[in-house]
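# Breakdown of the fold
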2 protein chains.
Amino acid sequence: MVRIPVLAEITQANTMLANALRKELARHGILALNLIASPGAGKTTLIERTVSALSDELRFAVIEGDLTTSLDAERIVAAGAPAVQINTGGGCHLEARMIHSALDQLSLDGVDVLIIENIGNLICPTGWDLGEDAKVVVASLPEGDDKPLKYPGAFATAQALVINKVDLEPYLSAKVEKLRENALRINGDLAVFAVSCLTGEGLENWLDWIRDQLARKRSVLARESGCG
Amino acid sequence: MVRIPVLAEITQANTMLANALRKELARHGILALNLIASPGAGKTTLIERTVSALSDELRFAVIEGDLTTSLDAERIVAAGAPAVQINTGGGCHLEARMIHSALDQLSLDGVDVLIIENIGNLICPTGWDLGEDAKVVVASLPEGDDKPLKYPGAFATAQALVINKVDLEPYLSAKVEKLRENALRINGDLAVFAVSCLTGEGLENWLDWIRDQLARKRSVLARESGCG
């Protein structure tokens, strides 16, 4: 009976801090995306491709979450975006306080899109608000097309799903259309993108979604400030 | 400061119950394996293949852990082994108390090997003893060959690693030998098996390992009871 109020206190503090982060990001007109996936679904590669493809029109900043190592942040910096690595030790998800600390090390001036790569875990990150505008689930086709049914929480709370590694479909029993169908059964509002970060297939629709989300956010912010 | 003693109390109780389970399983001469992996690495398919391949010589019982659905337990029953499904709701790992309850619904008489399929999560299950003889990590090649470096806890505490989906190697940048090498850097004592549950490639070595682990355990038990 001791645990429950303690846990409630932790998540309540997290939500309060996440809301403060959301305000701060809005003040800078920044779109923030929280990428959630199993280990190896291709989150880092998706970020690399996204940063490179939009380098002429948008400025990115990236926060990389990992148990250990700075391998992912090094890849992002090589792709051309400033990145901060958070190592949680053994911690299975990112929390708003970690994002708060990471932002001390990133200049937000001129940034258009902040991408947060959460810890590789399809369960625990789901319940922790990081101040993002949208959660994006990255699910790779080799993981199987039944994942939305077995890990519904991540899909239910996301705004978008990127199905990665679709180039492997000919060699798998899992099918893109089945994965899409199962995801939409859990959450009919999901924007779904079938892509291959290896071949580049399908990435243009995903990039359009980012452009569109940013434009919508800035339009809302402009209206709210009376400048629209 | 409140959280730490509470958490210590929970894991201590878990370890005590796990040790009691280990004794009970030893009394029946049962080898218990705790399978840990990311979502979609192929744990259930590996169990199906294992149960089918050894059906003439060993009797299996299976405990399936999932957030929700009984899809996996249904697959195991179809493959010919008694199975109990544990649904954790949103819980990210199995605990000894769940195994204790599940064993109430499984007859252990005549069983040789108990396989526990943990929740699809490469992080949280690592710290929870379920009374097993060995932890087995299942890592699929499409997840990437850097996984041992990025999720070292699971690999450090396991006795065996099954690298699954090696039939996809020609279509991936990840390589079996690199994954093996990275795993052995984290834990030089790992028994490593490169398999394809789709084609059956490499499964014979894995099956031999199970036979060998069971024989060793029974030999130790026989010596301890003075019957060896």
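Each value, and the rule that gives it
Residues numbered from 1 in each chain as written. Chains lettered and ligands numbered in written order. Predicted model: local features only at pLDDT ≥ 70, side-chain atom pairs only at ≥ 80, totals over all residues. Heavy atoms only, no water. Core = buried A, V, L, I, M, F, W, Y, C linked by side-chain atoms within 4.5 Å. Buried < 20%, exposed > 50% of the residue type's maximum accessible area, 1.4 Å probe, protein only. Contact = heavy atoms within 4.5 Å. pLDDT = per-residue confidence, 0-100. Salt bridge = Lys/Arg side-chain N within 4 Å of Asp/Glu carboxyl O. Polar contact = N/O pair within 3.5 Å; in protein donor to acceptor, adjacent residues only side chain to side chain. Helix = DSSP H or I, 4+ residues; strand = E, 2+ residues; numbered from the N terminus. Nonpolar A, V, L, I, M, F, W, Y, C, P; charged D, E, K, R; others polar. Lys, Arg positive; Asp, Glu negative; His and termini not counted. Least-squares fit on C-alpha atoms with pLDDT ≥ 70 in both.

Take the nonpolar core next. Within the largest apolar cluster, 92 residues are counted, with the highest numbers of intra-cluster contacts made by L114 of chain A together with L114 of chain B. When sequence neighbours within four positions are dropped, the list of residues in contact with L114 of chain A reads L25, I30, L31, A32, L33, A61, V62, I63, L103 and L106 of chain A. A37, A134, C197 and I210 of chain B belong to the second-largest nonpolar core, a separate cluster that totals 31 residues.

Moving on, we get to the confidence of the model for chain A. Averaged over every residue, the pLDDT of chain A is 95; the share at 70 or more is 96%. Confidence estimates for the predicted assembly give a pTM of 0.94 and an ipTM of 0.92.

Right, let's get into the interface of chain A and chain B. The interface of chain A with chain B comprises 33 residues on the first partner and 33 residues on the second. Joining chain A to chain B, the criterion identifies four salt bridges. For K150 of chain A, the salt bridge identified is with D72 of chain B, shortest N-O distance 2.6 Å. Across the chain A-chain B interface, the total number found is six residue pairs in polar contact (both at pLDDT 80 or more). Of all elements in the fold, only α1 (3-27), α3 (71-79), β4 (113-120) and α5 (147-150) of chain A reach the threshold of two or more residues within the side of chain A that touches chain B. Broken down by class, the residue content of the side of chain A that touches chain B amounts to 19 nonpolar, seven polar and seven charged.

Mapping E64 of chain B onto the fold places it in strand β2 (residues 60-66). No salt bridge is formed by the buried E64 of chain B, whose closest oppositely charged neighbour, K150 of chain A, lies at an N-O distance of 6.2 Å. When near neighbours in sequence (up to four residues on either side) are disregarded, E64 of chain B contacts T44, I47, D72, A73, I76, V84, Q85, I86 and E117 of chain B.

Of the two same-sequence chains, chain A is brought onto chain B (RMSD 0.0 Å, axial shift 0.0 Å) by a rotation of 180°. Look at the turn and shift together and you get a two-fold axis relating the two. Here 100% of the contact residues of chain A are again contact residues in chain B; the copies associate through an equivalent surface.

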